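The residues making up each chain are set out below.
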Amino acid sequence: MTSTFLPDKRTGPDVDLPPPAAAAARERTRRRVLHWLTATAFQLPALVLFIGLVLLPMLFALYAAFFRWGGFGMPSDYVGVDNFDRLFDDPVFLGDLWRCLVLVLLSLALQLPFALGMAVLLNQRVRGRAVYRMLFFAPYILSEAITGVLFSMIFAPDDGLADQVLGSVGLDGLGSTWFADPSTVMATLFLVMTWKFFGFHMMLYLAGLQSIPAELTEAALIDGANAWQRFRNVTLPLLAPTLRISVFLSVIGSIQLFDLVWVITQGGPDHHSETMAVTMFQYGFKRYQVGYASAVSVVMFGISLVFALAYQRFVLRRDLEGATTTMRGGGK
């Protein structure tokens, strides 16, 4: 019998590779190094900007929160957690937390359902729907500063457009000092927020609605489902990923609200429209208590971070895993 000789395929320090194999290995190594250097070169500018403009300021704000510091020179008067103790004993900041919660609840209960209803309406074959979409989305394009100045004039007491319109239809008694009255300032401010931001959420919902296959709605129609049943059992479940993203953006935006409030009321009257961001700005840039303002910023960042992580863990988990939303009663 003859035996077939099988070459030893083991490689190691004592086994020399044939010249072609060694050249191929060196070429693979060279390509890997080249790819790594190319990726690093493209990412380095963004990484430097992120570290310099985001990460380092965040770390310095955390450091400054433990000092009584006016913003000049380096922090030196260490006070430990006194700024945080003062923060949670401050009725203005506790009011900020309450107003933030009110804005979040109003956004979820009124602003987003209104945007969803308009999106469903404009997803139908309505004459001139392209014009309506443009008009409803246009306020979002305006800057917060322009919006604030515009509505400051509209709701100006006595000679503002709102009071003039009410007076022209015999409803003078409904006129108000609007932003100057503690009992109406938050409601009026939320009205401005809704006008400004509902178009953005409406366009999100429209994009989600247009990604739903028409065959599913047609099949439900053939099965005898009415409009409400089609919306509840077909449209709404398939729109759920878009709704979840919209809710996330709305909550984070309410927590960090600053521009509109500062331009319109600067937190007044008597702190009744103040938000955490406005409080931070007031103490940091008006009263030069930068250490205390840094504590406010740390708490605001912590609230946003905890919410974002919890929302991602418990609400966005299926979306991040790439799972598709199933209708009620459907399989997994």
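Every value quoted in this text rests on a predicted model; they were computed, and no experiment measured them. (Residues numbered from 1 in each chain as written. Predicted model: local features only at pLDDT ≥ 70, side-chain atom pairs only at ≥ 80, totals over all residues. Heavy atoms only, no water.)

Undergrad: Help me understand the overall build of the protein, please; the structure alone is not making it clear to me.
TA: Looking only at helices and strands, the protein has 13 helices and 0 strands in total. Sequence-ordered secondary structure for the protein, helices as α and strands as β, is α-α-α-α-α-α-α-α-α-α-α-α-α. Taking all 332 residues of the protein together, 34% fall into the buried category. The long-range fraction of contacts in the protein, counting pairs at least 24 apart against all pairs at least 6 apart in sequence, stands at 65%. Summed over all atoms, the accessible surface of the protein reaches about 20,900 Å², with 67% contributed by carbon and sulfur. (Helix = DSSP H or I, 4+ residues; strand = E, 2+ residues; numbered from the N terminus. Buried < 20%, exposed > 50% of the residue type's maximum accessible area, 1.4 Å probe, protein only. Contact = heavy atoms within 4.5 Å. Areas by Shrake-Rupley, 256 points an atom, 1.4 Å probe, with all protein chains shown as cover.)

Undergrad: What am I meant to see in unusual backbone geometry here?
TA: For residues that are not glycine, phi is negative in most cases, and the peptide bond is trans in most cases. Geometrically, the link from G268 to P269 is a cis peptide bond, its omega value of -5° lying close to zero. Tracing the backbone shows P269 in the loop between α10 (259–264) and α11 (276–286). Residue W178 is not a glycine yet carries a positive backbone phi of 50°. Along the polypeptide, W178 turns up in the loop between α6 (161–168) and α7 (185–210). Given the relative accessible area of 15%, W178 is considered buried. Even without being glycine, D270 reaches a positive phi, approximately 55°. By secondary structure assignment, the location of D270 is in the loop between α10 and α11.

Undergrad: For this particular structure, what's the right way to read helix α5 (residues 144–154)?
TA: Within α5, the full set of buried residues consists of T147, G148, F151 and I154. For α5, the arc enclosing every buried residue in end-on projection is 125°, short of the 170-degree limit, so these residues lie on one face. For α5, the secondary structure elements touched by its buried residues are α6, α7 and α10. (Arc of directions from axis to C-beta.)

Undergrad: Would you mind showing me how to read the packing of aromatic side chains here?
TA: Any pair of aromatic rings gets described here by the distance separating the centres and the angle formed by the planes. Counted according to the given criterion, the structure contains 26 aromatic pairs. Taken together, a centroid distance of 6.0 Å and an interplanar angle of 20° make the contact between F151 and F155 stacked. On the basis of relative accessible area, F151 is assigned to the buried category, the value being 8%. One aromatic cluster in this structure is built from F60, Y63, F67, W69 and Y78. Looking at R86, its charged tip hangs above the ring of Y292, at a distance of 3.9 Å from the centre. Across from the ring centre of Y283, 4.4 Å away, lies the NZ or CZ of R287, which sits over that ring. (Phe/Tyr/Trp six-rings, centres within 6.5 Å; stacked < 30°, edge-to-face > 60°. Lys NZ or Arg CZ within 6 Å of the ring centre and 35° of its normal.)

Undergrad: Can you walk me through the packing of helix α3 (residues 91–122) against α7 in this structure?
TA: When two helices pack together, you describe them by how their axes are tilted relative to each other and by the distance separating the axes. One can describe the packing of α3 onto α7 by two numbers: an axis separation of 7 Å at closest approach and a directional angle of 45°. In this view, α3 runs oblique relative to α7, as classed from their interaxial angle. The chirality of how α3 crosses α7 is right-handed. Split by residue class, the contact of α3 with α7 holds 20 nonpolar, 4 polar and 1 charged. (Axes fitted to C-alpha atoms, helices over the stretch in contact; angles between N-to-C directions. Parallel < 35°, antiparallel > 145°, perpendicular 65-115°, else oblique. Left-handed = near helix turned anticlockwise from the far one by under 90°. Nonpolar A, V, L, I, M, F, W, Y, C, P; charged D, E, K, R; others polar.)

Undergrad: For this particular structure, what's the right way to read the confidence of the model for the protein?
TA: Do not read the predicted coordinates in detail wherever pLDDT is low. For the protein, the average pLDDT comes to 87, and 90% of its residues sit at 70 or higher. Low pLDDT, under 50, characterises residues 1–6; the stretch is placed with 0 contacts to residues that sit more than four places away or in other chains. Confidence over residues 323–332 falls short of pLDDT 50; this stretch has 15 contacts with residues more than four positions distant or in other chains. (pLDDT = per-residue confidence, 0-100.)

Undergrad: How should the environment of G284 be read in this particular structure?
TA: Inspection of the secondary structure assignment puts G284 in helix α11. Along the backbone, G284 and S294 are 10 residues apart, and their C-alpha atoms lie at a distance of 7.7 Å. In this structure, G284 is in contact with Q289, V290 and A293, ignoring residues within four places of it in sequence.

Undergrad: What is the right way to look at the nonpolar core in this model?
TA: Within soluble globular proteins, side chains that are nonpolar generally end up buried alongside one another. Core analysis: the largest hydrophobic core is formed by 21 residues, its most contacted members being F155, V192 and L260. For this core, the secondary structure elements donating two or more residues are α5, α6, α7 and α10. Those residues in contact with L260 that lie beyond four places of it in its chain are E144, T147, G148, V192, M193 and F197. Listed in part, the 17 residues of the second largest apolar core include L87, F93, A295 and M300. (Core = buried A, V, L, I, M, F, W, Y, C linked by side-chain atoms within 4.5 Å.)

Undergrad: Quick question: what am I supposed to make of the environment of A156 here?
TA: Secondary-structure assignment places A156 in the loop between α5 and α6. By relative accessible area, A156 is classed as buried at 19%. As for A156 and A180, which are separated by 24 residues in sequence, their C-alpha atoms are 9.1 Å apart.

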